[in-house]
Amino acid sequence: MDLLSILQVLLKGTLITAELAVISFAMAFVIAIPFSLGQVYGNIPIKIITTSYERIIRGVPLLVVMFIIFFGFPSIGIRFDPFTASVLSLGICSSAYQSQIFRGSLLSVPNGQIMAGQSLGMKGTQIFIHITLPQAIRFSIAPLTNEFTIVLKDTSFAYALGVTELLREGTYIISTTYEPLLIYLLCAAIYFIITFSTNSIVRRVEKRFAIHGFEFRGERA
Amino acid sequence: MKVLEVRNLKKRYDSNEIIKGISFEMEKGETVVVIGPSGTGKSTMLMCINRLIEPDEGKIFLNGEEITGSKHPEIFRQRIGMVFQEFNLFNHLTVLDNVRIGPIKVKKLPKDIATKVAIENLKKVGLESRMNAYPAQLSGGQKQRVGIARALAMEPQLILFDEPTSALDPELVGEVLEVIKKLAREGMTMLIVTHELGFARDVADRIIFMENGEIIEQGGPEILANPLKERTKQFLAKFREGR
């Protein structure tokens, strides 16, 4: 196998890896928003439910979640293909972390500003929309990027369920070329290039939306 | 009619009574300064007035309408300005947006009119040149002047000041006190909690001395020089020593 066809195969796997990462990250995002709102603004039963979810999920390894969903669920009649099972597992695990990111971001908006909004006669929803949310979104950009790179790297666990993502394509190539060092290094390089470029793009987004006067992370004057 | 009427206000935290039945009134255009040792409930009392803190007992009236018991405290908060010790500006908004967000979102003024109102009030505090700056780019004194402009832009019937200069470096205190003095001359009704006794003497129509959740003594600014009650004397004496 020449290098070009190796790269072609790896690229095919990379596409699956990217699909896994993007879909499960998006799914986690959608789950995490209501859960974080529940943790911050909910009444006591809602707080207990949302916090328990977050604690339990964060306490179970991703691979175990994958095995429960893929190998365990069929015995109660629920079956998923490897790709779907991987997306669900990645999404569920990441949602717990993302809910913590949003919760932290919401709570990072100083209470004094909320009081100031109240003192102007703003209603709770107005304060949330105009004061809390715009600042919380900015606070969450950096940790969310970090979380995305973690999800991207964790997609390699889908290997265990037989999804033909980057790592598995690499392993297939090795079974014919017998060059594990070269191929795995190529896989590592691809993961690195994706996370590195994601970080640089987000860094620009972050700068664009930075609040003036608040120094940018790592670039204090 | 009285602008503000406070009757037998009480506030407890657990078994700890922070405010033990306070009553006073304010006339239109009056500047009332509340002094007293730290931790005696001055700020709590102030925040009970616009119900940022919910009082346990007592009644509060704004121009004859009862604030306490209303299901919509935000209706009264629109009419009561508040200036905070820590400024509490909205960090993600420019100075101009900080000042006009109330008129736009709460009073539902059209944007151009709200902008005009905001700029007028920024002129009043001498900061119209910084209207495109963000709070983090301002000095403490400038931040507090924006805080005052933000309160003024709602055209309130009463402004509450919660130790407006306590978080400022000494050299920045003056510019903020000047603005408040100007408002007093213009006839704004203001209730001010402060530790600046010299300022209190200059600006106050009436002084309330509070300790342990009670009003110990109140009267014209002359009580600062000649207090009647022993506790007021002790407090003022401590202050002079401290200087």
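Everything here concerns the structure above.
Here the structure is a predicted model, which means the values were calculated and not measured. (Residues numbered from 1 in each chain as written. Chains lettered and ligands numbered in written order. Predicted model: local features only at pLDDT ≥ 70, side-chain atom pairs only at ≥ 80, totals over all residues. Heavy atoms only, no water.)

(A) Highlighting the overall build of chain A. Tallying secondary structure elements over chain A gives 8 helices and 0 strands in all. Helices and strands in chain A line up, N terminus first, as α-α-α-α-α-α-α-α. Principal axes of the C-alpha set define a box for chain A whose edges measure 70 × 50 × 20 Å. Relative to its full complement of 221 residues, chain A shows a buried share of 41%. The long-range fraction of contacts in chain A, counting pairs at least 24 apart against all pairs at least 6 apart in sequence, stands at 73%. (Helix = DSSP H or I, 4+ residues; strand = E, 2+ residues; numbered from the N terminus. Buried < 20%, exposed > 50% of the residue type's maximum accessible area, 1.4 Å probe, protein only. Contact = heavy atoms within 4.5 Å.)

(B) Structural view of the environment of A:Leu161. Residues and elements named next belong to chain A. Along the chain, the position of Leu 161 falls in the loop between α6 (124–154) and α7 (166–177). The class of Leu 161 is buried, set by a relative accessible area of 6%. Taking the C-alpha atoms as reference points, Leu 161 and Leu 10, separated by 151 residues in sequence, lie 18 Å from one another.

(C) Up close: the sheet that holds strand β1 (residues 4–13) of chain B. All names here are of chain B. Strand order across the open sheet formed by 4 strands is β2-β1-β4-β5, with antiparallel pairing between neighbours. Two strands in the sheet have a free side with no partner beyond their single neighbour: β2 (16–26) and β5 (65–66). Across 8 bridges, the pairing between β1 and β2 is antiparallel. Bridge pairing in β2 places Val 6 opposite Phe 24. (Pairing = 2+ DSSP bridges.)

(D) Structural detail: the interface of chain B and chain A. Listed by partner, the interface residues are 24 residues for chain B and 21 residues for chain A. Between chain B and chain A, the buried area comes to about 2,000 Å², and carbon and sulfur atoms account for 68% of it. For the pair chain B and chain A, the interface holds 0 salt bridges. Remark: the boundary between chain B and chain A carries 4 residue pairs in polar contact (both at pLDDT 80 or more). Elements supplying a minimum of two residues to the side of chain B that touches chain A: α2 (73–77), β6 (80–83) and α3 (95–106) of chain B. (Buried area = accessible area lost by both parts, 1.4 Å probe. Salt bridge = Lys/Arg side-chain N within 4 Å of Asp/Glu carboxyl O. Polar contact = N/O pair within 3.5 Å; in protein donor to acceptor, adjacent residues only side chain to side chain.)

(E) Just the nonpolar core, in detail. All names here are of chain B. Judged by nonpolar contacts, the single largest core of 48 residues is most densely connected at Ile 35, Ile 148, Phe 161 and Met 190. The element contributing the most residues to this core is helix α6 (residues 170–185), with 8 residues. Those residues in contact with Ile 35, other than ones at most four positions away along the chain, are Lys 42, Thr 194, Leu 197, Ile 207, Ile 208, Phe 209, Met 210, Leu 224, Phe 235 and Leu 236. Counting residues in hydrophobic clusters, the runner-up holds 41 residues, among them Val 34, Leu 46, Phe 76 and Phe 84. (Core = buried A, V, L, I, M, F, W, Y, C linked by side-chain atoms within 4.5 Å.)

(F) Structural detail: the packing of aromatic side chains. Inspection of every chain in the model, using the stated rule, returns 8 aromatic pairs over all chains. Judged by centre distance (5.5 Å) and plane angle (25 degrees), the rings of A:Phe192 and A:Phe196 are stacked. With A:Phe192 and A:Phe196 both in helix α8 (residues 180–208) and 4 residues apart, the pair spans about one turn of that helix. Here A:Phe192 and A:Phe196 have matching classes, each one exposed. Taken together, the ring pairs in this structure connect A:Phe67, A:Phe70 and A:Phe71 into an aromatic cluster. Positioned over the ring face of A:Phe209 is A:Arg208, at 5.0 Å from the centre of the ring. Lying over the aromatic face of B:Phe90, B:Arg150 brings its terminal NZ or CZ to 4.7 Å of the ring centre. (Phe/Tyr/Trp six-rings, centres within 6.5 Å; stacked < 30°, edge-to-face > 60°. Lys NZ or Arg CZ within 6 Å of the ring centre and 35° of its normal.)

(G) The layout of surface pockets, seen in detail. Residue and element names in this part refer to chain A. Taken as a whole, the second largest pocket encloses approximately 240 Å³ of empty space. Tyr 41, Ile 114, Gln 118, Ile 127 and Thr 132 are the residues nearest the centre of the second largest pocket, which is lined by 14 residues in total. Considering each element in turn, the lining of the second largest pocket owes the most residues, 4 residues, to α6. The residue inventory of the lining of the second largest pocket, partitioned by class, reads 9 nonpolar, 3 polar and 2 charged. (1 Å grid on protein atoms, 1.4 Å probe; cavity = no way out; pocket = protein on both sides within 12 Å on 5 of 7 lines; lining within 4 Å. Points joined across faces, edges and corners; volume = space filled by probe spheres on them. Nonpolar A, V, L, I, M, F, W, Y, C, P; charged D, E, K, R; others polar.)

(H) How the structure looks around the sheet that holds β6(B). All names here are of chain B. As summarised here, the arrangement of the 6 strands in space is β6-β7-β8-β3-β9-β10, forming an open sheet in which the pairing is mixed. With partners counted over all chains shown, the strands left at the sheet margins are β6 and β10 (214–219), one partner each. Averaged over neighbouring strand pairs, the angle between their axes works out to 20 degrees when direction is ignored. Bridge count between strand β9 (residues 206–211) and β10: 5 bridges; the pairing is antiparallel. Note on β10: the bridge partner recorded for Phe 209 is Glu 217. Against the sheet, helix α1 (residues 42–49) engages β3 (31–35), β6, β7 (158–162), β8 (190–193) and β9, with an angle of about 150 degrees to β7. (Axes fitted to C-alpha atoms, helices over the stretch in contact; angles between N-to-C directions.)

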